Amino acid sequence: MNKRQLVDSMSAKSGLTTRQSEKALNGLMNVIHTELSSGGNVQLVGFGVFRVADRKDRIARNPQTGEAMKIKGRKAPVFRAGSTLKNVVNGK
């Protein structure tokens, strides 16, 4: 499902117009982006938690040459599914 399909589905299920649904989705994504960029997290009970994880420096191998190379640490966005979402996906 792409963003357009998600907006259409939100519109159909919520009774909002397509434009209102797109505004709501864009607002949600903006809030999540802002919170994660400031080092916070977003917890939606039953759905999951969006947070930032720190990846440490590590040594890896170039698959073409086999040469060892250093990969710098970075921050990465992480999503952990909540129990309700896991149950829905597993058909429980």
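Residues numbered from 1 in each chain as written. Predicted model: local features only at pLDDT ≥ 70, side-chain atom pairs only at ≥ 80, totals over all residues. Heavy atoms only, no water.

- The name given to the protein chain in an unreviewed UniProt entry is DNA-binding protein HU, and the organism recorded there is Clostridium symbiosum.
- The record held by UniProt for the protein chain lists under Sequence similarities (unreviewed entry) the comment "Belongs to the bacterial histone-like protein family." (UniProt positions renumbered as here; feature names shortened; annotations may be inferred.)

### As for the pairing of strand β4 (residues 68-71)
Working step 1: Across 4 bridges, strand β3 (residues 58-61) lies against β4 in antiparallel orientation. For Arg 58, the partnering residue across the bridge sits in β4 and is Ile 71.
Working step 2: Between β3 and β4, which pair antiparallel one after the other, the connecting turn spans 6 residues, and Gly 66 there sits at a positive phi close to 80°. (Pairing = 2+ DSSP bridges. Helix = DSSP H or I, 4+ residues; strand = E, 2+ residues; numbered from the N terminus.)

### Describing the sheet that holds strand β1 (residues 42-44)
Working step 1: The antiparallel open sheet is built from 3 strands, whose spatial order is β1-β2-β5. Each edge of the sheet is formed by a strand with only one pairing partner; in this case those strands are β1 and β5 (74-81). Taking the axes of each pair of neighbouring strands and ignoring which way they run, one obtains an average angle of 30° across the sheet.
Working step 2: Strand direction decides the pairing type here: strand β2 (residues 48-55) and β5, joined by 8 bridges, are antiparallel. Residue Phe 50 lies in a different strand from β5, and its bridge partner there is Phe 79.
Working step 3: Most of the contacts of helix α2 (residues 18-37) go to β2, to which it runs at about 35°, and overall it touches β1 and β2. (Axes fitted to C-alpha atoms, helices over the stretch in contact; angles between N-to-C directions. Contact = heavy atoms within 4.5 Å.)

### Concerning the layout of surface pockets
Working step 1: In this structure, the largest pocket occupies an estimated 190 Å³ of space.
Working step 2: If you go around the largest pocket, the residues you meet are Leu 6, Leu 25, Leu 28, Met 29, Ile 32, His 33, Leu 44, Phe 47 and Phe 50.
Working step 3: Of all the elements, α2 adds the most residues to the lining of the largest pocket, at 5 residues.
Working step 4: Residue classes in the lining of the largest pocket are distributed as 8 nonpolar, 1 polar and no charged.
Working step 5: Both domain 1 (1-37) and domain 2 (40-91) contribute no fewer than three residues apiece to the lining of the largest pocket. (1 Å grid on protein atoms, 1.4 Å probe; cavity = no way out; pocket = protein on both sides within 12 Å on 5 of 7 lines; lining within 4 Å. Points joined across faces, edges and corners; volume = space filled by probe spheres on them. Nonpolar A, V, L, I, M, F, W, Y, C, P; charged D, E, K, R; others polar. Domains from an automatic or database assignment.)

### Some thoughts on a positive patch on the surface
Working step 1: A contiguous patch of positive charge on the surface is contributed by Arg 51, Arg 55, Arg 58, Arg 74, Arg 80 and Lys 86.
Working step 2: Elements with a contribution of two residues or more to the positive patch: β2 and β5.
Working step 3: When you line up the elements, Arg 80 lands in strand β5.
Working step 4: Judged by its relative accessible area of 59%, Arg 80 is exposed. (Patch = residues over 30% accessible without salt bridge, like charges linked within 9 Å, V, L, I, M, F, W, Y side chains within 5 Å. Areas by Shrake-Rupley, 256 points an atom, 1.4 Å probe, with all protein chains shown as cover. Salt bridge = Lys/Arg side-chain N within 4 Å of Asp/Glu carboxyl O. Lys, Arg positive; Asp, Glu negative; His and termini not counted. Charge placed at Lys NZ, Arg CZ, Asp CG, Glu CD. Buried < 20%, exposed > 50% of the residue type's maximum accessible area, 1.4 Å probe, protein only.)

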